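Overview (structure and organization)
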Amino acid sequence: MAIEFTKYHGLGNDFILIDNRSSSEPVITPAQAIKLCDRHFGIGADGVIFALPGENGTDYTMRIFNSDGSEPEMCGNGIRCLGVFLADLEGESRTQDLYRIQTLAGVITPQLMADGQVKVDMGLPKLLAGEIPTTLSAADSKVINQPLEVAGKTWEVTCVSMGNPHCITFVEDVAAIPLESIGTKFEHHPVFPQRTNTEFIEIVRRDYLKMRVWERGAGITLACGTGACASLVAGVLTEKCDRIATVELPGGPLQIEWSEIDQRVYMTGPAERVFTGKL
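Residues numbered from 1 in each chain as written. Predicted model: local features only at pLDDT ≥ 70, side-chain atom pairs only at ≥ 80, totals over all residues. Heavy atoms only, no water.

Labelled according to an unreviewed UniProt entry, the protein appears under the name Diaminopimelate epimerase, originating from Tolypothrix tenuis PCC 7101. Checking UniProt for the protein, the heading Catalytic activity (unreviewed entry) contains the comment "(2S,6S)-2,6-diaminopimelate = meso-2,6-diaminopimelate". (UniProt positions renumbered as here; feature names shortened; annotations may be inferred.)

What to know about the overall build of the protein
Scanning the protein from terminus to terminus reveals 4 helices and 17 strands. For 279 residues, the compact-globule estimate of 2.2 N^0.38 gives 19 Å, and the C-alpha radius of gyration of the protein, at 18 Å, lies within 12% of that figure. Along the first, second and third principal axes, the C-alpha atoms of the protein reach 50 × 40 × 35 Å. With an accessible surface of roughly 11,800 Å², the protein has 49% of that area assigned to carbon and sulfur atoms. (Helix = DSSP H or I, 4+ residues; strand = E, 2+ residues; numbered from the N terminus. Rg over C-alpha atoms; globule rule 2.2 N^0.38 Å. Areas by Shrake-Rupley, 256 points an atom, 1.4 Å probe, with all protein chains shown as cover.)

Some thoughts on the side chain of Glu215
Checked against the element boundaries, Glu215 lands in strand β12 (residues 208-215). Buried and unpaired, Glu215 has no salt bridge, with Arg216 as the nearest side chain of opposite charge at 8.1 Å. The contact partners of Glu215, leaving out residues within four places of it in the chain, are Asn13, Glu187, Asn197, Thr221, Ala223 and Cys224. (Buried < 20%, exposed > 50% of the residue type's maximum accessible area, 1.4 Å probe, protein only. Lys, Arg positive; Asp, Glu negative; His and termini not counted. Salt bridge = Lys/Arg side-chain N within 4 Å of Asp/Glu carboxyl O. Contact = heavy atoms within 4.5 Å.)

As for the packing of aromatic side chains
Summed over the entire model, instances satisfying the criterion amount to 7 aromatic pairs. Arranged with centres 5.2 Å apart and planes meeting at 70 degrees, the rings of Phe50 and Phe65 form a pair that is edge-to-face. Highlighted residues: Phe50 in strand β3 (residues 47-53) and Phe65 in strand β4 (residues 60-66), separated in sequence by 15 residues. Overall, the relative accessible area of 0% leaves Phe50 in the buried class. Assessed through its relative accessible area of 5%, Phe65 is described here as buried. In this structure an aromatic cluster arises from ring pairing among Trp155, Phe186 and Phe200. The aromatic ring of Phe170 is capped on one face by Lys240, whose charged end is 5.4 Å from the ring centroid. (Phe/Tyr/Trp six-rings, centres within 6.5 Å; stacked < 30°, edge-to-face > 60°. Lys NZ or Arg CZ within 6 Å of the ring centre and 35° of its normal.)

Quick look at unusual backbone geometry
Note the cis peptide between Ile132 and Pro133, where omega equals -10 degrees. Here Pro133 shows up in the loop between β7 (118-123) and β8 (146-150). Its identity is not glycine, yet Glu239 carries a phi of approximately 60 degrees, on the positive side. With respect to the helices and strands, Glu239 occurs in the loop between α4 (225-237) and β14 (244-249). Despite not being glycine, Gln263 shows a phi value in the positive range, around 65 degrees.

Structure representation (structure tokens):
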């Protein structure tokens, strides 16, 4: 069976996009996704994203397999790439700039802007320990500046779910963090029963943050959209940053807003097509 694909990236966080609209189940398996994501023996990507038929009145459904074969609830950079992919698939027949996409984290709405950026309504952040989930606090409590022992050091962490779990810690110099050695220790820490994404944040100004990320199921990536959103929320909760800020990732900047009006988080950033091919 031949499968056409297109590769996209959002600030270097790269994905293989597959037109899966003819089936409600992904056309490749998680094991096959692992091989495709291999940067030496496959195409190379942080994950494989499938555009499936919509559910419950939505336009489309998004599924994603990480490079380790696991399936996350959602992916911020990935859904921007999916929005551009859908517009490319529809071509001249496209009649809308905003898509309602069903994900395992709920309905997410990427909007294609006139300047080529994609603005995504990421929904309401979840702040209670039981929602994230983590056992760092009581299930009905927020997790703000909680001590966590990792790699022989005590870190103050704040936890947020953007439909997927995030553990955020603020540091003096984000470039000095030995992400290669400690990232997996955060991800698999027993206080996170579903593992976790981990963001290390340096506050440059109240409206400008620097971030490095270890993604659950993918390891070190150049960008993480849900992580940037969760980090701004954590910055507001700890009174370290404003509700609107630029989050600088290794792959480039994202504009993040946690609206004071509707309490929803909005992410704006690029998504670019790299190449097309056939499996």
